[in-house]
Amino acid sequence: MVHFYVLTLFPDMVMDGLNTSVIGRAIQNGIIDIEAVNIRDYTTNKHKKVDDYPYGGGAGMVMQAQPIYDAYMSIVNRIGKRPRTIYLTPQGSVFKQSLAKEFALEEDLIFLCGHYEGVDERVLEEIVTDYVSIGDYVLTGGELPAMVMVDAISRMVPGVLTNQESGETESFYNYLLEYPQYSRPEEWNGKKVPQVLLSGHHKNIAAWRLEQSIERTKEHRPDLYEKYLEQED
Ligand code: ADE
């Protein structure tokens, strides 16, 4: 069981996004649970403000320390420990499958979603254990990255995927991209399913798929292909 806590100004966005399909089913089955905590509920400001101008000037607003810290402490006091706490930021280290597997071993994880121009550095220093980016592009807030991470981590939690959906033969397992898949009909739009897949010859099928995976990886992800070769040695 992994408990995910998401500190956010947009709790509905997070819950609506994660309550369907495989992750929704895992929540229903009690294998994971996700709680979105509204940072605004914890502000002591009488106008419910959670941000202010940056010291030193500059564009945009900065999320203040107090509401974030109090929202965080409400979780810490409830569960009686300070779990790993992830701040979603393009300044972080890039999220990878290996990190998803590592996080899937935790009992509790807190995600902090920033907005506006940033978050007061002092609260980050106080609560954050991991700075994580989901890629080299800039989003308007940390909610989508948090949802991406919750999804990727959840599917590594035992019982979330069925045997059929199981992760082990997928992309990144051994640094290769997935081979192409086909389903009925045998011919669609003038295109035929590769003959070998209809042959029933399992060894040939496996060999063909591996070759396809290698070709795709060479072509689209030469960086991954290098790792594949190193690991084969
Ligand atoms: N916040 C804004 N952009 C982001 C990104 N690429 N990864 C994580 N958090 C972000």
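Details of the structure are given in the entry above.
Scoring rules and cut-offs
- Residues numbered from 1 in each chain as written.
- Predicted model: local features only at pLDDT ≥ 70, side-chain atom pairs only at ≥ 80, totals over all residues.
- Heavy atoms only, no water.
- Helix = DSSP H or I, 4+ residues; strand = E, 2+ residues; numbered from the N terminus.
- Expected span 1.5 Å × (residues − 1).
- Buried < 20%, exposed > 50% of the residue type's maximum accessible area, 1.4 Å probe, protein only.
- Patch = residues over 30% accessible without salt bridge, like charges linked within 9 Å, V, L, I, M, F, W, Y side chains within 5 Å.
- Areas by Shrake-Rupley, 256 points an atom, 1.4 Å probe, with all protein chains shown as cover.
- Salt bridge = Lys/Arg side-chain N within 4 Å of Asp/Glu carboxyl O.
- Lys, Arg positive; Asp, Glu negative; His and termini not counted.
- Charge placed at Lys NZ, Arg CZ, Asp CG, Glu CD.
- Near = heavy atom within 4 Å.
- Polar contact = N/O pair within 3.5 Å; in protein donor to acceptor, adjacent residues only side chain to side chain.
- Contact = heavy atoms within 4.5 Å.
- Phe/Tyr/Trp six-rings, centres within 6.5 Å; stacked < 30°, edge-to-face > 60°.
- Axes fitted to C-alpha atoms, helices over the stretch in contact; angles between N-to-C directions.
- Parallel < 35°, antiparallel > 145°, perpendicular 65-115°, else oblique.
- Left-handed = near helix turned anticlockwise from the far one by under 90°.

### A few points about helix α6 (residues 143-154)
Part 1 of the argument: Here α6 is twelve residues long and its end C-alpha atoms lie 16 Å apart, about the 16 Å a rise of 1.5 Å per residue gives.
Part 2 of the argument: Burial of α6 is extensive: nine of the twelve residues sit out of reach of the surface.

### Description of a negative patch on the surface
Part 1 of the argument: Together, Glu-226, Glu-230, Glu-232 and Asp-233 give the surface a local cluster of negative charge.
Part 2 of the argument: With respect to the element layout, Glu-226 can be found in helix α8 (residues 222-232).
Part 3 of the argument: Glu-226 sits in the partly exposed class, given a relative accessible area of 44%.

### Digging into the pattern of salt bridges
Part 1 of the argument: Overall, the coordinates contain eleven salt bridges when judged by the stated rule.
Part 2 of the argument: Between Asp-130 and Arg-84 there is a salt bridge, with its nearest N and O atoms 2.9 Å apart. Of the two residues, Asp-130 is situated in strand β7 (residues 130-133) and Arg-84 in strand β5 (residues 84-94); the sequence distance between them amounts to 46 residues.
Part 3 of the argument: Classification of Asp-130 as buried rests on a relative accessible area of 13%.
Part 4 of the argument: On the accessibility criterion, Arg-84 (21% relative accessible area) is partly exposed.
Part 5 of the argument: Lys-192 is paired through a salt bridge with Glu-187; the nearest N and O atoms lie 3.7 Å apart.
Part 6 of the argument: Here the salt bridges do not stand alone but share partners, grouping Arg-84, Glu-102, Glu-106 and Asp-130 into one network.

### Regarding a nonpolar patch on the surface
Part 1 of the argument: On the surface, Phe-10, Met-13, Tyr-137, Leu-139 and Leu-144 cluster together into a nonpolar patch covering about 450 Å² of accessible area.
Part 2 of the argument: Structurally, the position occupied by Tyr-137 is in the loop between β7 and α6.
Part 3 of the argument: When its relative accessible area of 44% is taken as the criterion, Tyr-137 is described as partly exposed.

### Looking at the site of the ligand
Part 1 of the argument: Around the ligand, a shell composed of Leu-88, Thr-89, Pro-90, Val-132, Ser-133, Ile-134, Gly-135, Tyr-137, Val-138, Leu-139, Gly-141 and Pro-145 is seen.
Part 2 of the argument: Residue Gly-135 places a main-chain N or O atom 3.2 Å away from a nitrogen atom belonging to the ligand.
Part 3 of the argument: Leu-139 is positioned such that a nitrogen or oxygen atom in its backbone is 3.0 Å from a nitrogen atom of the ligand.
Part 4 of the argument: For the shell around the ligand, the element with the most residues is β5, which contributes three residues.

### Description of the environment of Ile-86
Part 1 of the argument: Inspection of the secondary structure assignment puts Ile-86 in strand β5.
Part 2 of the argument: Considering only alpha carbons, one finds Ile-86 and Cys-113, 27 residues apart in sequence, at a separation of 8.8 Å.
Part 3 of the argument: Every residue in contact with Ile-86, bar those within four places of it in the chain, is listed here: Phe-103, Leu-109, Ile-110, Phe-111, Leu-112, Asp-130, Val-132 and Met-149.

### Focus on the side chain of Ser-154
Part 1 of the argument: As for its position among the elements, Ser-154 is in helix α6.
Part 2 of the argument: Polar contacts involving the side chain of Ser-154 include one to the main-chain carbonyl oxygen of Val-150, which spans 2.6 Å.
Part 3 of the argument: Other than its neighbours up to four places away in sequence, Ser-154 contacts Phe-4, Ile-23, Ile-32 and Val-160.

### Considering the packing of aromatic side chains
Part 1 of the argument: On inspection of all chains with the given rule, the structure shows four aromatic pairs.
Part 2 of the argument: Ring geometry for Tyr-87 and Tyr-131: centres 6.1 Å apart, planes at 90 degrees, overall edge-to-face. One end of the pair, Tyr-87, is in strand β5; the other, Tyr-131, is in strand β7, with 44 residues separating them in the sequence.
Part 3 of the argument: Note on Tyr-131: relative accessible area 31%, which makes it partly exposed.

### Here's the deal with the side chain of Thr-43
Part 1 of the argument: Relative to the helices and strands, Thr-43 is located in the loop between β2 (32-38) and β3 (51-52).
Part 2 of the argument: Not counting residues up to four positions away in its chain, the partners in contact with Thr-43 are Lys-48, Lys-49, Val-50, Gln-66 and Pro-67.

### Overview of the packing of helix α1 (residues 11-18) against α6
Part 1 of the argument: For the pair α1 and α6, interaxial distance at closest approach is 10 Å and the crossing angle is 30 degrees. Between α1 and α6, the angle is such that the two are roughly parallel. For the pair α1 and α6, the sense of crossing is right-handed. For the pair α1 and α6, contact is made by Met-13, Val-14, Gly-17 and Leu-18 and by Glu-143, Leu-144, Met-147 and Val-150, respectively.

Interpretation in functional terms is not warranted from these geometric data alone.
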